[in-house]
Amino acid sequence: MAEVTSLFTPGPLLYAVVVGLVLLAAAVAALAGLGHGRAAITAGARAAVQLGVVALLISQVATRLWATVLFVVAMHAVAGYTAASRVGDASRPGASGAWWRGRAWWAVLPLLGGTVPVLALLLGTGLVPPQGLAVIPVAGILVGGAMTVTALCGRRCRDELETRRGEVEAALSLGFSDRQAALEICRPAAATSLIPALDQTRTVGLVTLPGAFVGMLLGGASPVQAAVVQLVVLAGLLAVQSVAVALTTELSVRAFR
């Protein structure tokens, strides 16, 4: 096991590879006209800084329950802000997004609605011990998954309702309520937000070996222990993302006017 973990020892080679991968992502995005070349570099730089700060703080935070709670709250706040900024972004050509401005703050609600019950269940049953080194990684995975589907579902609902506004008005003329008319348009698009989570769960072990599994193995756990932990994480993540998509869809149709 020591031979495996030594591959990830910080040093010039590791830093050079990381920088090279980020620059490769930026170059491909720029050359392909995807418009995210600079964003890839910014994201990589932010990841390095943020992970460095977390690495310095985690030992202090993980030993204090109150600090762990604050850390998880901060995760939700940052994730909510990130999802809200994505949902409320009206930069897409042809999309005014006017009806979203001032409303995207609710993106934090699907995060809380999805992660809090699942974390409470895992802690209440003792599957996750009330210790920082256990709670923080699990909470990070769940909050990150909820953030991704909330942003994705919110943007898809927004775009569908904007571009197909005429169909919504047609449904209203047929006697549908505001909510029913909007749901008919954005529900199919919202459902696609769950496809990545479903595919990841279906193919785990066959196509992908997710981070929790690999991390447990590198930490010295047996393959069976790693598989059990990953199964719990995947089941929790699927539940969190399903709740987040359902709440995001409902909030989207209620915000649309």
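Each chain carries its own residue numbering, running from 1 in the direction its sequence is written. Two thresholds apply to this predicted model, a pLDDT of at least 70 for residue-level local features and 80 or more for giving and counting side-chain atom pairs, whereas whole-chain, interface and lining totals are computed over all residues. Only hydrogens and water are removed before side-chain values are computed, so all heavy atoms of the structure are retained for them.

1. Thoughts on the overall build of the chain
Each helix and strand in the chain was counted, giving 11 helices and 0 strands. Seen in sequence order, the chain has helices and strands lined up from the N terminus as α-α-α-α-α-α-α-α-α-α-α. For each residue, the accessible area found with a 1.4 Å probe, counting protein chains only, is set against the maximum for its type, and the residue is called buried under 20%, exposed over 50%, and partly exposed in between. Looking at the chain as a whole, 33% of its 257 residues are labelled buried. Any two residues whose heavy atoms approach within 4.5 Å at even a single point are treated as in contact. Of all intrachain contacts in the chain linking residues separated by at least 6 positions in sequence, the fraction that spans at least 24 positions is 71%. A total accessible area of about 14700 Å² is found for the chain, and carbon and sulfur atoms account for 71% of it. Per the convention used, a helix needs a DSSP run of H or I reaching at least four residues, while a strand needs a run of E reaching at least two, with both numbered from the N terminus. To measure how exposed things are, a 1.4 Å probe is used in the Shrake-Rupley method; for residues, cover is taken only from the protein chains shown.

2. Some words on the layout of surface pockets
Its volume calculated, the largest pocket comes out at about 1200 Å³. In this structure, the largest pocket is lined by 29 residues; those nearest its centre are Arg46, Gln50, Val78, Thr82 and Met147. Per element, the largest residue contribution to the lining of the largest pocket is 10 residues, and it comes from helix α3 (residues 37-61). In terms of residue class, the lining of the largest pocket is built from 18 nonpolar, 8 polar and 3 charged. Residues are called lining when one of their atoms sits within 4 Å of a cavity or pocket point, these points coming from a 1 Å grid over the protein atoms alone, where a cavity is a set in which a 1.4 Å probe fits but cannot get out and a pocket is an open set with protein on both sides within 12 Å along at least five of seven lines. Grid points are joined across faces, edges and corners, and a volume is the space filled by probe spheres set on the points. Residue type decides the class: Asp, Glu, Lys and Arg count as charged, Ala, Val, Leu, Ile, Met, Phe, Trp, Tyr, Cys and Pro as nonpolar, and the leftover types, Gly among them, as polar.

3. Brief notes about the confidence of the model for the chain
Think of pLDDT as the predictor's per-residue confidence, scored from 0 to 100. Mean pLDDT over the chain stands at 81; residues scoring 70 or higher make up 89%. Low confidence marks residues 1-5, where pLDDT is under 50. Its contacts with residues over four positions away, or in another chain, come to 5 contacts. Taken as a whole, residues 90-100 scores under 50 in pLDDT and shows 27 contacts with residues more than four places along the chain or in a different chain.

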